Amino acid sequence: MNDSTNIVKPNRSFAAGAIIATMLLLSMSLWTVVPFGWIWIGSQLSKTQFPSAGPYMLVLGGIILTIVILAWVLGRLNNLYIKVTGTTTVRAPRAPWLKSLRDSEGSNEGPTVIETVIVASAMLALVALAVWFLLLAGSPLPSGSP
């Protein structure tokens, strides 16, 4: 019986890591693939640089609908992570003998997986925006004299 628990734990760890990687990929797409993809779709529908309100409404509605769907999928993946690991938090639970007698049950358990993934993806998106803005975008000011 001890051998079967050694086999199950690495499989659970791999599954948990795969779930977290998928969640991170989907949450990063909230800031990148979704808006840029819908803007590209809207640009393909317009024949001029000044389109009517139709493509703009399509882009807005498409972004909102896609984000709602991705949020639902992220929630399902979070539930799957909880089923696989048996915990909602990212870090391992603290051993009972290391806790104070005054600690209440369930207090200060740490961030959940979905909270960590969303915050990490938002921070990565902000860093990417800062790198692009400061290093890659170039100056918006005209160069040369009039």
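Remember, predicted model here, so these are calculated numbers, not experimental data.

**Q** For the overall build of the protein chain, give the residues involved together with the corresponding values.
**A** Each helix and strand counted, the protein chain has four helices and zero strands in total. Moving toward the C terminus, one meets the helices and strands of the protein chain in the order α-α-α-α. In the protein chain, which comprises 146 residues, the share counted as buried stands at 18%. Intrachain contacts of the protein chain at a sequence separation of at least 6 include 71% that bridge at least 24 residues. For the protein chain, the accessible area works out to roughly 11,400 Å², and carbon and sulfur atoms hold 71% of it.

**Q** So what's going on with the nonpolar core? Which residues, and what values?
**A** The biggest cluster of nonpolar side chains holds 13 residues, and the ones touching the most others in it are Ile19 and Met23. Listed by contribution, the elements that provide at least two residues to this core are helix H1 (2-31), helix H3 (53-85) and helix H4 (113-136). Aside from chain neighbours lying at most four places away, what touches Met23 is Leu74, Leu77, Asn78, Val113, Ile114 and Val117.

**Q** Just give me the short version of the packing of helix H2 (residues 33-45) against H3, but keep the residues and values in it.
**A** Running from N to C, H2 and H3 cross one another at 150 degrees; their axes reach a closest spacing of 9 Å. Relative to H3, H2 is oriented roughly antiparallel. Relative to H3, H2 is oriented so that their crossing is right-handed. Counted together, Val34, Pro35, Trp38, Ile39, Ile41, Gly42 and Leu45 of H2 and Pro55, Leu58, Val59, Gly62, Ile63, Thr66, Ile67 and Leu70 of H3 form the full contact between these two elements. Of the residues contributing to the contact of H2 with H3, the split by class is twelve nonpolar, three polar and no charged.

**Q** Please give an account of H3 that cites residues and values.
**A** Taking 1.5 Å per residue as the helical rise, H3 with its 33 residues ought to reach 48 Å, and the 48 Å between its terminal C-alpha atoms agrees with that figure. Pro55, Val59, Gly62, Leu70, Leu74, Leu77, Asn78, Tyr81 and Val84 are the residues of H3 that are buried. Where H3 terminates, the next one or two residues include Gly86, which has phi positive at roughly 80 degrees.

**Q** Got a sec to walk through the environment of Ile67? Specific residues and values, please.
**A** Secondary-structure assignment places Ile67 in helix H3. Of the residues examined, Ile67 reaches a relative accessible area of 33% and is grouped as partly exposed. Ile67 sits 32 residues away from Pro35 along the chain, and the two C-alpha atoms are 9.4 Å apart. When neighbours within four sequence positions are excluded, Ile67 is seen to be in contact with Leu30 and Val34.

**Q** An account of H2 is requested, with residue identities and associated values reported.
**A** End to end, H2 covers 18 Å across 13 residues, agreeing with the expected 18 Å (1.5 Å per residue, within 8%). Buried within H2 we find Val34, Pro35 and Gly42. Take H2 and look down its axis: the buried residues cluster within an arc of 95 degrees, on one side only. Across H2 from its buried face, at more than 90 degrees, point the exposed residues Val33, Phe36 and Trp40.

**Q** Can you tell me about the side chain of Asn78, naming the residues and giving the values?
**A** Along the chain, Asn78 turns up in helix H3. A relative accessible area of 12% places Asn78 in the buried class. With residues up to four places along the chain from it excluded, the contact list for Asn78 reads Met23, Val113 and Ile114.

**Q** Before we move on, can you summarise the side chain of Ser27 with the specific residues and values?
**A** Considering the arrangement of structural elements, one finds Ser27 in helix H1. By relative accessible area, Ser27 is classed as buried at 0%. Beyond its immediate stretch of four places on either side in the chain, Ser27 contacts Leu74, Val117, Ile118 and Ser121.

Criteria and thresholds
- Residues numbered from 1 in each chain as written.
- Predicted model: local features only at pLDDT ≥ 70, side-chain atom pairs only at ≥ 80, totals over all residues.
- Heavy atoms only, no water.
- Helix = DSSP H or I, 4+ residues; strand = E, 2+ residues; numbered from the N terminus.
- Buried < 20%, exposed > 50% of the residue type's maximum accessible area, 1.4 Å probe, protein only.
- Contact = heavy atoms within 4.5 Å.
- Areas by Shrake-Rupley, 256 points an atom, 1.4 Å probe, with all protein chains shown as cover.
- Core = buried A, V, L, I, M, F, W, Y, C linked by side-chain atoms within 4.5 Å.
- Axes fitted to C-alpha atoms, helices over the stretch in contact; angles between N-to-C directions.
- Parallel < 35°, antiparallel > 145°, perpendicular 65-115°, else oblique.
- Left-handed = near helix turned anticlockwise from the far one by under 90°.
- Nonpolar A, V, L, I, M, F, W, Y, C, P; charged D, E, K, R; others polar.
- Expected span 1.5 Å × (residues − 1).
- Arc of directions from axis to C-beta.

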